[in-house]
Amino acid sequence: MASGEEDGAVEEKETNNKKKRTKSAIATAWLTFYNIAMTAGWLVLALAMTRYYLQKGTHKGLYRSIARTLKFFQTFAVLEVGHCAIGIVRTSVIVTGVQVCSRIFMVWFVTNSIRQVQNQESVILFLVVWTITEITRYSFYTFNLLNHLPYFIKWASKHLVQPAGSNYRGPSDARVILVSNSEGTQLEPARQNVQGPLWKTHVQLLLFLRLSVLGMECLYNLFIVMYPFGVIGELMTIYAALPYVRRSGMYSLRLPNQYNVSFDYYYFLIIVMLSYIPLFPQLYFHMLRQRRRVLHGEVIVEKDE
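In this convention, every chain numbers its residues from 1, walking through the sequence in written order. Totals for whole chains, interfaces and linings use every residue, but because this is a predicted model, local features are given only for residues with pLDDT of at least 70 and side-chain atom pairs only at 80 or more, for both listing and counting. Excluded from the side-chain calculations are hydrogens and water; all other atoms, namely the structure's heavy atoms, are used.

A. Structural context of the nonpolar core. If you look at the biggest cluster of nonpolar residues, it comprises 42 residues, and the most contacted ones within it are W42, V110, L127 and L269. Those elements giving two or more residues to this core turn out to be α1 (2-56), α2 (62-76), α4 (93-111), α5 (121-146), α7 (199-248) and α8 (265-296). Any two residues whose heavy atoms approach within 4.5 Å are treated as being in contact. Contact partners of W42, with chain neighbours within four places excluded, come to L70, Q74, W130, T131, E134, I135 and Y138. What we call a nonpolar core is a set of buried Ala, Val, Leu, Ile, Met, Phe, Trp, Tyr and Cys residues that are connected through their side-chain atoms within 4.5 Å. Throughout, exposure labels follow a simple rule: accessible area from a 1.4 Å probe, protein chains only, divided by the maximum for the residue type, with under 20% read as buried, over 50% as exposed, and the rest as partly exposed. Helix numbering and strand numbering both begin at the N terminus, where a helix is a DSSP run of H or I of at least 4 residues and a strand a DSSP run of E of at least 2.

B. Here's a closer look at the environment of Y244. Along the chain, Y244 turns up in helix α7. Beyond its immediate sequence surroundings of up to four residues, Y244 is in contact with I114, Q116 and V117.

C. Region of the structure containing the packing of aromatic side chains. The pairing test for Phe, Tyr and Trp rings, Trp by its six-membered ring, is centres within 6.5 Å, and the orientation test on the planes gives stacked under 30 degrees, edge-to-face over 60, and tilted for anything in between. Throughout the structure, instances matching the rule amount to 15 aromatic pairs. When the ring of W30 is compared with that of Y34, the centres are 6.3 Å apart and the planes differ by 35 degrees; the resulting orientation is tilted. Taken as a pair, W30 and Y34 lie in helix α1 at a separation of 4 residues, close to a single helical turn. Ring centres of Y34 and Y138 lie 6.0 Å apart, and the angle between their planes is 80 degrees; on these two criteria the pair is classed as edge-to-face. A residue pair is termed long-range when its members are at least 10 positions apart, and Y34 in helix α1 and Y138 in helix α5 qualify at 104 residues. With respect to burial, Y34 and Y138 carry one shared label: buried. The structure contains a cluster of three or more aromatic residues connected by ring pairs, namely W30, F33, Y34, F72, F73, F76 and Y138.

D. Main features of the packing of α4 against α5. Angular values range over 0 to 180 degrees, each being the angle between N-to-C directions of two axes fitted as lines to C-alpha atoms, with helices fitted over their stretch in contact. α5 packs onto α4 with a crossing angle of 150 degrees between their chain directions and a minimal axis gap of 13 Å. Classified by the angle between their axes, α4 and α5 sit roughly antiparallel to one another. Between α4 and α5 lies a crossing whose hand is left-handed. Residue-level contacts link R103, M106, V107 and T111 of α4 to V123, F126, W130, T133 and E134 of α5. Note that Gly is not counted as nonpolar here; it falls among the polar residues with everything else outside the nonpolar set of Ala, Val, Leu, Ile, Met, Phe, Trp, Tyr, Cys and Pro and the charged set of Asp, Glu, Lys and Arg. A breakdown of the residues in the contact of α4 with α5 according to their chemical character gives 5 nonpolar, 2 polar and 2 charged. Comment on the angle field: the value is read as roughly parallel under 35 degrees, roughly antiparallel over 145, roughly perpendicular from 65 to 115, and oblique elsewhere. Handedness of each helix crossing follows the sense of rotation of the near helix against the far helix: counterclockwise by less than a right angle gives left-handed, clockwise gives right-handed.

E. Looking closely at the side chain of E234. Residue position: E234 is located in helix α7. For the buried E234, no salt bridge is present, and the opposite-charge side chain at shortest range is R103, 5.1 Å distant. Beyond its immediate stretch of four places on either side in the chain, E234 contacts M106, F126, W130 and Y276. Charge convention: Lys and Arg are scored as positive, Asp and Glu as negative, and His as well as the terminal groups of each chain are ignored. Put simply, a salt bridge is a Lys or Arg side-chain nitrogen that is within 4 Å of an Asp or Glu carboxyl oxygen.

F. Representation of the packing of α2 against α4 in the model. Between α2 and α4, whose axes approach to 11 Å, the crossing angle comes to 145 degrees. Between α2 and α4 the crossing geometry is left-handed. Contact residues: α2 offers Y63, L70, K71, Q74 and T75, while α4 offers V100, R103, I104, V107, W108 and T111.

Next comes the structure, spelled out in structure tokens:
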């Protein structure tokens, strides 16, 4: 009797584990597709902007040439809020929501709606910042999800690890591993040698891990400079839009009306600009905490308040 109950419990546990693995596989497959698509989208935007500037020699008209692609891929990013909400990505729903919605607002309700600001240098500033950071971010996530060893790493391990005329003495010389501790990630001598033909695989893995670390450092160091420049570009664009909004009265609702409600888009934009004062430090320090967690192994618990 007891044996039957134990067998049933084991079977139930195995079934639950299979379900979890299936859900995890589906989530990974979707996130891989999503990140590949977003990487490709922002690469298309980067190429389109570069080609336009090289052909025209000016930034005027650049926004209109990429507007449709930009609106599609930036709006598509709203799925990231859903990823956080259902738990397939472990990060704050509020932080992600604020970041994504602020960009969608900039694209649809400022730059796209107010054509007079589309040729402003500030628009090009935040577009360039967005493009660089998004290509870096999504491509890094893609390689992590694929757990793929790119060809150039295999080539490097074959042609660069053991150059001609080196003092390499065989598999016993492959004595380095990647270790993580509280002081960061670094290369240290291994206590045991890698024997046999598997040494190349270990060296390739080492190079892949080291480049992954460099990728993380690039991703989480790039934002330190890029994020403030992006915010400056956004604020300058909103500021440039204020006179046009005030004259046209766009998106505003005046009294009297059947709803008995008043709304002034001009003052709303001013409130949006002022909201950057409390929100920017929170988002910036959130990224700094993420940087410490990834690069230095600090354990940080995020809470939605």
